[in-house]
Amino acid sequence: MKLAEKFVITINRELGSGGRTIGEKLAKRLDVPFYDKALIQGLKDRYHLSTEEIERLKGQRHNWWSDFKRSMMMVPNYMSPDYVPGKTPIPDFLITDDIFQTETEILKGIAADGSCVIAGRSGFHIFRDHPNHLSILIQASMDYRVSRVMQKQNISAEEARSIIDKVDKGRENYVQKYTGTSRYDTRNYQLVINVDEHSEDEIVDMILIYLGSPKNKIYF
């Protein structure tokens, strides 16, 4: 991947692995916008975007996302200074074909507008043919994930494991339905990182080292 050219980095992650935070930190270090599930849903809800509306915008403007962003006075990481995400993101198992297609078009518009980091949303599949794309999977042991979810949500280990199991199943079903592959298939990624023995900042450093290595070949 070439950082000097327009790029997109997608991060799939397991719940409790810290992948979203790693994505945010990476985007900040690279000085590019960061997008995730909650922000994309908030954009759809707030501006009533649908596949039909996006097709209309695309028909009017060559780079519809860039013009749309300016018209909504968006700034990096937010849709406007007073942006408030949806209270509860739609569970993956409730995603419809139209919602998936709308999100796909939004993400493609985002990537066409400029370099970015995107967490989740089957980005590894949506951008599989993108000429300057890095796909990353962030994983962790179950003990690590349970501990992190317990701390984040102030719940018991049993409750945390139950949530993780439910989310894992929902995300895997979602990915299989819309991509025809498994989110755990490492062939979908250029980088697969286990975070158990590393801080979030150390993981970001690893990714940056990889990006700066000759032909992006490196072993940790």
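Residues numbered from 1 in each chain as written. Predicted model: local features only at pLDDT ≥ 70, side-chain atom pairs only at ≥ 80, totals over all residues. Heavy atoms only, no water.

1. Observations regarding the overall build of the protein
The helix and strand inventory of the protein stands at 9 helices and 5 strands. Along the protein, from the amino end to the carboxyl end, the secondary structure elements read β-α-β-α-α-α-α-β-α-β-α-α-β-α. Within the protein, residue pairs in contact and separated by at least 24 positions form 72% of the contacts whose partners lie at least 6 positions apart. As presented, the protein carries roughly 11,600 Å² of accessible surface, and 50% of it is formed by carbon and sulfur atoms. (Helix = DSSP H or I, 4+ residues; strand = E, 2+ residues; numbered from the N terminus. Contact = heavy atoms within 4.5 Å. Areas by Shrake-Rupley, 256 points an atom, 1.4 Å probe, with all protein chains shown as cover.)

2. Side note on unusual backbone geometry
Negative phi characterises most residues that are not glycine, and trans characterises most peptide bonds. Although it is not a glycine, Asp31 sits at a positive phi angle of roughly 60°. Within the secondary structure, Asp31 is located in the loop between α1 (19-30) and β2 (34-35). For Asn154, which is not glycine, the phi torsion reads 55° and is therefore positive. Within the secondary structure, Asn154 sits in the loop between α7 (142-153) and α8 (157-179). The exposure class assigned to Asn154 is exposed, which follows from its relative accessible area of 71%. (Buried < 20%, exposed > 50% of the residue type's maximum accessible area, 1.4 Å probe, protein only.)

3. As for the pairing of strand β4 (residues 133-139)
By the criterion of burial, β4 is predominantly enclosed, with 6 of the 7 residues buried. Taken together, the 6 bridges between strand β1 (residues 8-13) and β4 define a ladder with parallel strand orientation. Bridged to Val8 within β4 is His133. Across 4 bridges, β4 lies against strand β5 (residues 191-194) in parallel orientation. By the bridge assignment for β5, Leu137 is matched with Val192. (Pairing = 2+ DSSP bridges.)

4. So, the sheet that holds β1
A sheet is described by the order of its strands in space; here 5 strands give the open sequence β2-β3-β1-β4-β5, paired in parallel fashion. The open sheet has two edge strands with one neighbour each: β2 and β5. Against the sheet, helix α9 (residues 200-212) makes contact with β1, β4 and β5, and its axis sits at roughly 155° relative to β5, the strand it touches most. (Axes fitted to C-alpha atoms, helices over the stretch in contact; angles between N-to-C directions.)

5. Describing the confidence of the model for the protein
A residue-level look at the protein finds 69% of positions with pLDDT of 70 or above and a mean pLDDT of 80. In the predicted structure, residues 75-91 sits below a pLDDT of 50 and forms 36 contacts with residues beyond four places in sequence or in another chain. (pLDDT = per-residue confidence, 0-100.)

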